[in-house]
Amino acid sequence: MMLRKLVISMMALVFAAPALADGYRAEYRLSTVLNTAFPWGQAGERWAELVREKTQGRINIKLYPGTSLVGGDQTREFTAIRQGVIDLAIGSTINWSPQVKELNLFSLPFLMPDAKALDALTQGEVGRDLFKVIERNDVVPLAWGENGAREISNSKRPIHTPADMKGMKFRVVGSPLFLDTFSALGANPTQMSWADAQPALASGAVDGQENPLAVFSAAKLHTVGQKHLTLWHYVSDPLIFVVNKDVWASWSPADREAVRQAAIQAGRENVEKARKGITPADPALLKQIEASGVAIVTPSAAERQAFVAATQPVYDKWAKAIGGDLVKKAEAAIAKR
Ligand code: X2X
């Protein structure tokens, strides 16, 4: 009797569950490094929301920020997407470049002088080429977003030229290119995840870091001793919206298109947000950072040139590793912007 009742109530549960189309899962896992305090995490939230809307709830995405599906190790994210540990991701080209060497393109020091240069890459032939590379790696790329132009900060002194960085300890991200760049500038770089970076800055284990201004501000890096900020825009990392190949194949063509359109829209909004308040015409975020007690240095053309010259050998070495043709195409697209 009891058992029968139990079976009946279990069946009721099964039938009461929302009808799922063939092969669809109740939930798909979306990985990001940063949480919803940042434009990056907000992009994840927005993508999930748009997908739910556009698929009438057939595809339900849950956000896992902090790269928590790979224990916070952001350089393992791409592999986990390929393996299906992660279903969807919005990832930085920096974090995926250990597996996809072409993505180091965006980390070539001083390749992109401004946001238009980044757009010339992501929105043109170079962007399409890179999506093909990602597809060859069995991951489905859908749209571009943006983490942003990366600026350098530290707790010690203003940085105007490489001489000011001498011996200073910097936390850098996961691609070896960053070790080369910071070594060439005379600094002492150490690689660690974003999760480890904040305590390392707070304890003084490292003196400085490099991240976009939207990240600097939302992470309140001024509270962990980062009192000097130099706007050198030396590299810029776009974000890429992707889906695991098998998950993609399991959806109907109409739902795939819905997921793609949602990614494109969330990506567009994300780029806008990542660039807000950081230009002379719209300096609100810069002013806010300054008001929190941070001294901002804008290098002169000659000072900037000293950084460019010091990192030229790194640029040349990595241009070869990335692929000379792709780098030439990128340089040409930027020159024409
Ligand atoms: O780790 C970083 O510095 C961050 C958050 O910008 C990236 O994931 C590339």
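The structure under discussion appears in the preceding block.
Since the model is a prediction, treat every value here as computed from it, not as a measurement.

Thoughts on the pairing of strand 2 (residues 61-64)
A regular strand carries its side chains on alternate faces of the sheet. Across 4 bridges, the pairing between strand 1 (residues 28-31) and strand 2 is parallel. Looking across to strand 2, one finds that Tyr28 is bridged to Ile61. In this view, the connection linking strand 1 to its parallel neighbour strand 2 by way of helix 2 (residues 39-54) has right-handed handedness.

With respect to unusual backbone geometry
The phi dihedral of Asp138 is positive, around 65 degrees, even though this residue is not glycine. Along the chain, Asp138 turns up in the loop between helix 6 (125-136) and strand 4 (139-154). Assessed through its relative accessible area of 34%, Asp138 is described here as partly exposed.

Section: the side chain of Asn95
Among the structural elements, Asn95 can be located in helix 4 (residues 93-96). Polar side-chain contacts of Asn95 include one of 3.3 Å to the side chain of Gln74. Excluding residues within four positions of it along the chain, Asn95 makes contact with Val33, Trp40, Gln74 and Thr75.

Quick look at the pattern of salt bridges
In this structure the tally under the stated criterion is 16 salt bridges. Ionic pairing is found between Arg46 and Glu49, a salt bridge with its closest N-O pair at 2.4 Å. Note that Arg46 and Glu49 are positioned in helix 2 at a spacing of 3 residues, about one turn of the helix. Glu49 gets classed as partly exposed once you look at its relative accessible area, which sits at 39%. Arg150 is paired through a salt bridge with Asp237; the nearest N and O atoms lie 3.2 Å apart.

Focus on the site of the ligand
Around the ligand, a shell composed of 13 residues is seen, among which Gln74, Asn95, Arg150, Arg171 and Asn211 lie nearest. A distance of 3.1 Å is found between an oxygen atom of the ligand and a side-chain nitrogen or oxygen belonging to Asn147. Within the side chain of Arg171, an N or O atom sits 2.7 Å from an oxygen atom of the ligand. Burial of the ligand by the protein amounts to 100% of the accessible area it has alone, namely 270 Å². Judged by the proximity of its atoms to the pocket grid, the ligand belongs to the largest cavity.

Examining the packing of helix 13 (residues 301-322) against helix 14 (residues 324-335)
For any two helices packed against each other, one specifies the crossing angle of their axes together with the interaxial distance. At their nearest, the axes of helix 13 and helix 14 sit 6 Å apart, and the two run at 115 degrees to each other. When the axes of helix 13 and helix 14 are compared, the pair comes out roughly perpendicular. Packed against helix 13, whose contacting residues are Tyr315, Ala319 and Ile322, the element helix 14 presents Gly324, Leu326, Val327 and Glu331 at the interface. Considering only residue class, the contact of helix 13 with helix 14 consists of 5 nonpolar, 1 polar and 1 charged.

Remarks on empty space enclosed by the protein
With the rule as written, the count across this model stands at 2 cavities of 30 Å³ or more. Taken as a whole, the largest cavity encloses approximately 100 Å³ of empty space. Along its surface, the largest cavity is lined by 14 residues, and Trp40, Gln74, Asn147, Arg150 and Asn211 are the ones closest to its centre. Mapped onto the lining of the largest cavity, the elements with two or more residues apiece are helix 4 and strand 4. Among the residues making up the lining of the largest cavity, the classes are represented as 6 nonpolar, 5 polar and 3 charged. Taken as a whole, the second largest cavity holds about 30 Å³ of empty space. Taken together, Asn147, Gly148, Ala149, Glu151, Pro212, Leu213, Ala214, Ala274 and Ile278 make up the full set of residues lining the second largest cavity. Contributing elements (two or more residues each) for the lining of the second largest cavity: strand 4 and helix 9 (213-218). Broken down by element, the lining of the second largest cavity gets its largest block of residues, 4 residues, from strand 4. Looking at the lining of the second largest cavity residue by residue, the class counts come to 6 nonpolar, 2 polar and 1 charged.

As for the layout of surface pockets
As a volume, the largest pocket reaches approximately 420 Å³. If you go around the largest pocket, you meet 20 residues; those closest to its centre are Ala115, Ala149, His233, Ile278 and Thr279. Of all the elements in the fold, those that place two or more residues in the lining of the largest pocket are helix 5 (115-122), strand 4 and strand 8 (228-244). When grouped by side-chain class, the residues that make up the lining of the largest pocket number 11 nonpolar, 5 polar and 4 charged. Volume-wise, the second largest pocket comes out at about 210 Å³. Contributing elements (two or more residues each) for the lining of the second largest pocket: helix 5, strand 4 and helix 11 (253-274). Per-class residue counts for the lining of the second largest pocket are 6 nonpolar, 4 polar and 4 charged.

Here is what the cut-offs are and how they apply
Residues numbered from 1 in each chain as written. Predicted model: local features only at pLDDT ≥ 70, side-chain atom pairs only at ≥ 80, totals over all residues. Heavy atoms only, no water. Pairing = 2+ DSSP bridges. Helix = DSSP H or I, 4+ residues; strand = E, 2+ residues; numbered from the N terminus. Right-handed = clockwise from strand over helix to strand, strands pointing away. Buried < 20%, exposed > 50% of the residue type's maximum accessible area, 1.4 Å probe, protein only. Polar contact = N/O pair within 3.5 Å; in protein donor to acceptor, adjacent residues only side chain to side chain. Contact = heavy atoms within 4.5 Å. Salt bridge = Lys/Arg side-chain N within 4 Å of Asp/Glu carboxyl O. Near = heavy atom within 4 Å. Areas by Shrake-Rupley, 256 points an atom, 1.4 Å probe, with all protein chains shown as cover. 1 Å grid on protein atoms, 1.4 Å probe; cavity = no way out; pocket = protein on both sides within 12 Å on 5 of 7 lines; lining within 4 Å. Sits in = over half its atoms within 2 Å of the grid points. Axes fitted to C-alpha atoms, helices over the stretch in contact; angles between N-to-C directions. Parallel < 35°, antiparallel > 145°, perpendicular 65-115°, else oblique. Nonpolar A, V, L, I, M, F, W, Y, C, P; charged D, E, K, R; others polar. Points joined across faces, edges and corners; volume = space filled by probe spheres on them.

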